[in-house]
Structure formats: structure tokens, C-alpha cells
Amino acid sequence: MMSSGGDTVSGDSQRLSLADDVSGSCGAVVTSEAAWSRSVMAERGLLVLFGSQTGTAQDTAERVGREAQRRHLRCRVQALDSCDVMFWRFLFRKNLPAGSLCQLDYAVLGLGDSSYPKFNFIAKKLHKRLLQLGGSPLLPVALGDDQHDLGPDAVVDPWLVALWDKILALYPLPPGLEIISPDLRLPPKYTLHYLPEDSPHPESDVLQPAAPQAAPCELHPFAARMVSNQRVTAQSHFQDVRLIEFDIAGSGITFRAGDVVMIQPQNCPEDVQRFCQLLRLEPHRRFVLEPTEPGTSLPPLLPQPCTIQYLVTHYLDISCVPRRSFFELLAYFSTNELEREKLQEFSSAQGQEELYSYCNRPRRTTLEALWDFPHTTCAIPADYLLDLIPRIRPRAFSIASSMLAHPERMQILVAVVRYKTRLSKPRCGLCSTWLASLNPEQGDVRVPLWVKNGGMKFPADPATPVIMIGPGTGVAPFRAAIQERVALGCRGNCLFFGCRHQSKDFYCQIEWEELVTKGFLTLFTAFSRDQVSAQKRREEKVYVQHRIRENRKLVWELLSSENAHVYLAGNAKQMPAAVAEALQSVLQLEGGLSPSEAEEHLTALERSRRFQSETWS
């Protein structure tokens, strides 16, 4: 997001650019007109705000920042949810007059994925809201799409060209200045100063389990002790799924069913060692960071002083798939002509298909890319490490337990990500692989975490029946909800659970069967690989949507007579659409609705929050 002219986003004299890479995501630029004070205009300043879950929006926002710097615009890039930015909360106040932004010109850039049903929902919502408040579109709304052959850059590239044309028309370059050539390397964001090896060492920078003054958050996570790390799938099953328990006593953490826990992972020691060897870094050397530009804040998650080992282990995401900006910066350091030509190709608009084939399709990591450019890699200045490699982002997991059932404890259900591409080495998820590697039986194991409110809210009246549809690890939030409701004595719990094999990946089977026996749970299971047709001698896969259709009378009765709420969680690929079709089939066959009426009824249930879903890719 980008705002020109100041460090805050309030009042009616702001210029903003927003970017968000949620499936419905946003990016916007809001510009003031001549009513803005001349002194502020003379500063030619931009505040770039971004909202990002996967890092795409942050990468785009930082690109805007670099391009602003080349145009001699004072620029600051900042996350939308940072404590001193209240833009979003201000913008959606219900009591704002219709003409509140009548002096604003704006442009909206959305970054999303059209495979999701609410493609770029936030960008569209933001654009509509700015229009409602009297803003004038500076550019047509732009909606980047991950599904495009060239990714979101197919939209971002031309949008930026048009954006700078508009901004330079409003804020011309000062006399005697020209746009800095892209052939020239910009200075790093920070300067890294090594400390003398004999300088005194401060206390350990390892995370300590101290009770926080306030609820733990991203800047101040709680170092939770891992109590158990149990594999809940058979050893012969291809998928390793863990039920992990943490001790959160003394943390001040509270949560309810539907909430999520954020976990900050770290790189494995082997990758850290390899990275340091490639870049010829001394792991135990200590340093301090100094901002290049006055007013730039230091990375809040890095201790000062810090060691190279800590920086690479806890901060630099060397396992992520590198983006176009990575190769663009890397090319500046290359002294090898062949490597430099390939890096420049990867960072050009024309080379994006080649970059996709090299990086995205095989899921090549940053560390592996550095290995492929050895002459360039060993020439990377340490000052540029934080510009070159993004920080490790926290991962979100649905909490799979209730505090009513397990006081001072928290459990999560984690599928360990591991898959093959054309590369010889299997791809592994950073966080899930790290968590699976931890063994609390071999010593005190600590994991930095904090809790965020989830999007799924269960009925305030515990007597309200709930229909929960949770194949695979999608069952995690429903385990928390069932534990919570059982602790309150509620019996109206209906669960549709699906997995491959009853004998291999039926998570929490004994727990579910005990609740069924006690009358607290109605359970329907779909084991997709356990059905074999005697006639055709082949597998006929059965999924949760088939069980919904088979039990349509019960589902209809709960929906129509008992005002039940429906919840869906799991993989976002095909399952959500298939479940929606099954529910519409129930409404048609049992409720007598036409196809269009059934679709409208399901949409009405969504609007009233009686049908909620939480899916992920």
C-alpha cells in the first residue's frame, strides 16, 4: 500500500497504495489533490502500506518502494497491521460522511488467486468503499492473478508503469534530478557492522520462556514447552500427521474453538551451515545493524547485537521459493558474465516464463538457487542479506483442543509437508518438518507461538446443533469445538470426517468412538480408498460429500427444524465446491427447492453466518 505525504493514514489528505495477497486481496493508491499543503507536496513522500499472508504483497510493496527511491521520492514501506497505522479501521467506520474522501484520487491493486471463490474480494471491497466515500479512481482497479501464466506480474508491471506516470504528473522530479537508472544498484536498507571478536557477549539471544507483560504476539511470542509429539497415522501411510501438545501455563494465552495459533519456525542446522559456506560467512561472528536511511526502523525480531548463525537460523527464509526481485538484486553482484545474463533474464518481464519453469514449478528453494550461481553467491555483500532474502513468516494452525478439556494446554494437528517434483530432493515444508523433528523426550523443547482470533465462530448458544464437515486435518478446529461443547454438556454435534483408510489415517478414532457411545457425537466417515467394487474390481472413492447426500434427511432436519449451523474446513482445491453441491442437493431433494433457490438459500446461510468455511491450499 502506498501513501504519499506522511507517516500516518488519517484525515483526508493522504495518498495510499495497498497490497494484500489473500485470495481476496487488495492494493490501493489514494492521492490527494492540490488542497494538500505545499510543504508536504514539496517533500515528495510516499508511505507504502501492505497486507500480506504469503509475502507476495510485501514483495510488491517493496518493489514500489525501490521504484519510488529511483524517482527521488522519500519512501517508507510498512505493514498495514502495524500498531501506528489505523487506515483500515478508519476507512470502514460506519459513521463516515459520503464525501469524506472527496479530495482523494486513488488506484487499487489486488493480488489474488482466481481458483478461490472470492477472488480479490478485499481489493474489490476497498475500491467500492473508496468510491462510496467520494474518492476518484486514479487508475482502473487492477487484479493480479496467481493463475495467470506470468503470475500477478502480468497485471502489476503495466499497473506500475501507469502509476508512475500519474504520480510524476502530480509530483514532478525536482529541477536537475533524473530517474536513477535501473543499471545502478540502490544502497542496502541496513549496514551490517561486525563487532570485534573479543568484544563482550551479552546474554543469550535464544528465546526464553518468560511470562509476557501482555498477551503474546508476533513481536513477543511465548516460548511454549512441547509436551508431546505423536504421529497419528500408521507408519506405512505415506502422510506423516502429528498431534502436538504444548504447555502454555503462565503465558496469559486464552483461546476458543475456531482460533488459530501462529508458530514461528526456523531453518534446519544443515541448511544454515550450507548457506554460510556458500556465502563464506562465519556463523559465530556478531554484528549490529544500522539503517542506511534516517527514520528506518530496525527489524524488530532480530536481537542487537546478533550472530550470523541466529540471523540465518531464525530470520532469513532460505527455504522459500525465490521471487523475481531476488534475481534482480542478485544480478548486481555477479562478476560472472554467464550467471549475470541468466539472472537478468529471470528478472526481466520477458523471462518470467523461464523463471516459473526454473523456480515455481519445481519449487526450487532460495538456498538451491544460490547453489546454482556459485560465482555470484560468494560475492554477495553481507549488507544486502536482508534486502535479498525475506524473513521467515509465521505459520498458522487451527487449534485442535479446548481449554475446557485441557486447561493450560494447546494441541495442534500437523500434516508434515513432503512431496516430489522433478528435482531429485523431495520438497519439505519448513514449519511442519521442523515441528516433526522436535522430540520433547530428549530435553526441554521450546516453540515460539501466539494466538490469533480465527474466522470461524461457533454458536453463542451451545444448545444450537452444529454440522461439521472436516476431511483430513480440516477436522482440527472441530475437535476443539466438540471438546468445548461436550464440556458444556451439548449433544447436538454432527461430524462428517473423511480420510483415505480407516486403518491408516483415521485421526482421533478412539476419541470419536467414545463420544458416539456416550451420545455426544453423531459421526459419519468416508474412507476414500477403502471401497472396492466387486463387479468392476476397482476403487470407487467415497468422500464426505457422498455421506452428506446419503444422510440428507438428517441434514435437512437439522437445518430446517433445529436451526443448525454448518461448518466446513479443509483443502481448498475441489472439496469445498463438492460439499456446496451436496448441500444444495439436500435443499433440493428434501426441501423442495429449485436449483437456483437452493443456491440462493446456501448463500443466505453464508451471509447469516450459519454456514462458515475455512479452507487452505
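Calculation rules
Residues numbered from 1 in each chain as written. Predicted model: local features only at pLDDT ≥ 70, side-chain atom pairs only at ≥ 80, totals over all residues. Heavy atoms only, no water. Helix = DSSP H or I, 4+ residues; strand = E, 2+ residues; numbered from the N terminus. Buried < 20%, exposed > 50% of the residue type's maximum accessible area, 1.4 Å probe, protein only. Contact = heavy atoms within 4.5 Å. Pairing = 2+ DSSP bridges. Core = buried A, V, L, I, M, F, W, Y, C linked by side-chain atoms within 4.5 Å. Axes fitted to C-alpha atoms, helices over the stretch in contact; angles between N-to-C directions. pLDDT = per-residue confidence, 0-100. Salt bridge = Lys/Arg side-chain N within 4 Å of Asp/Glu carboxyl O. Arc of directions from axis to C-beta. Phe/Tyr/Trp six-rings, centres within 6.5 Å; stacked < 30°, edge-to-face > 60°. Disulfide = S-S within 2.5 Å. UniProt positions renumbered as here; feature names shortened; annotations may be inferred. Polar contact = N/O pair within 3.5 Å; in protein donor to acceptor, adjacent residues only side chain to side chain.

Along its length, the protein carries 20 helices and 23 strands. Here the protein holds 617 residues, and 50% of them are scored as buried. Considering only residue pairs separated by 6 or more positions, the protein has 75% of its internal contacts joining residues 24 or more positions apart.

The next point concerns the pairing of strand β11 (residues 260–263). The alternating pattern of β11 places V260 and M262 on one face and V261 and I263 on the opposite face, and all of these are buried. The pairing of β11 with strand β14 (residues 395–398) spans 4 bridges and is classified as antiparallel. Each bridged residue has a counterpart across the sheet, and for V261 the counterpart in β14 is F397. With 4 bridges joining them, β11 and strand β18 (residues 446–452) adopt antiparallel strand pairing. Note on β18: the bridge partner recorded for V261 is V451.

Our next topic: the nonpolar core. In this structure, F275, L311, L316, F327 and L385 are the most contacted members of the largest nonpolar core, which totals 42 residues. A total of 6 residues in this core trace back to one element, the largest contributor, which is helix α8 (residues 324–333). Not counting residues within four places of it along the chain, the set of residues in contact with F327 comprises P322, L343, F346, S347, L355, Y358, C359, A369 and F373. With 29 residues, the next largest nonpolar core counts V475, A480, I482 and F506 among its residues.

Time to look at the sheet that holds strand β9 (residues 222–231). Read across the sheet, 6 strands follow the order β14-β11-β18-β9-β10-β15 without closing on themselves; strand pairing throughout is antiparallel. One side of each edge strand has no neighbouring strand; the edge strands of this open sheet are β14 and β15 (409–415). In this sheet, neighbouring strand axes are inclined to one another by 40° on average, regardless of whether the strands run parallel or antiparallel. Across 4 bridges, β9 lies against β18 in antiparallel orientation. Paired with A223 across the two strands is P448, which belongs to β18.

Moving on: the confidence of the model for the protein. Residues with a pLDDT of 70 or more make up 89% of the protein, whose mean pLDDT is 87. Of the regions scoring below 50 in pLDDT, residues 1–42 engages in 186 contacts with residues more than four places distant in sequence or in other chains.

As enumerated under the stated definition, the model contains 22 salt bridges in all. Across the pair D444 and R446 runs a salt bridge, and its minimum N-O distance is 3.1 Å. The class for R446 is partly exposed, based on a relative accessible area of 29%. Each of the salt bridges in this network shares a partner with another, and the network as a whole consists of R63, E67, D153, D157 and R324.

This brings us to helix α6 (residues 269–278). Within α6, the full set of buried residues consists of D271, V272, F275, C276 and L278. The arc enclosing the buried residues of α6, seen along the axis, measures out at 160°, which places them on a common side. Exposed and facing more than 90 degrees away from the buried side of α6 are P269, E270 and Q277. Once α6 ends, the next one or two residues include R280, with phi positive near 55°.

Here the structure, examined in full by the defined rule, presents 12 aromatic pairs. With 6.5 Å between their ring centres and 90° between their planes, F458 and F478 make a pair best called edge-to-face. Here F478 lies in helix α15 (residues 476–487) and F458 lies in the loop between β18 and β19 (466–469), a separation of 20 residues in the sequence. Like F458, the residue F478 is buried in the burial classification. Where F497 meets Y507, the ring centres are 5.9 Å apart and the plane angle is 65°; that geometry is what we call edge-to-face. Linking F497 in strand β20 (residues 493–499) with Y507 in the loop between β20 and α16 (509–517), this pair joins segments that are 10 residues apart in sequence.

This paragraph deals with the environment of F527. With respect to the helices and strands, the residue F527 is situated in strand β21 (residues 522–527). In this structure, the C-alpha to C-alpha distance between F527 and V542, residues 15 residues apart in sequence, is 6.4 Å. Apart from residues lying up to four places away in sequence, F527 is in contact with C499, R500, H501, Q502, F506 and V542.

The next thing to look at is the state of the cysteines. Among covalent bonds in proteins, the disulfide is the one between the sulfur atoms of two cysteines. Taken as a whole and assessed by the stated rule, the structure comprises 0 disulfides. Unpaired in terms of disulfides, C359 finds its nearest cysteine sulfur in C320, a separation of 9.4 Å. According to the relative accessible area criterion, C359 is buried, its value standing at 0%.

Turning to the UniProt feature "binding site: NADP(+)" (unreviewed entry) in the protein, a few remarks are in order. As annotated in UniProt, the feature "binding site: NADP(+)" (unreviewed entry) corresponds to T473, S528, R529, K541, V542, Y543, V544 and Q545 in the numbering used here. By the secondary structure assignment, S528 is in the loop between β21 and α17 (544–550). Beyond its immediate sequence surroundings of up to four residues, S528 is in contact with C499, R500, E540, K541, V542 and Y543.

Position of N229 among the secondary structure elements: in strand β9. On the basis of relative accessible area, N229 is assigned to the buried category, the value being 18%. For the pair N229 and Q411, spaced 182 residues apart in sequence, the C-alpha separation works out to 9.8 Å. Excluding its chain neighbours within four sequence positions, the residues that come into contact with N229 are R242, L243, I244, L435, A436, L438 and P440. Side chain to side chain, N229 and R242 meet in a polar contact 3.1 Å long. Within the structure, the side chain of N229 is placed 2.9 Å from the backbone oxygen of L435, a separation counted as a polar contact.

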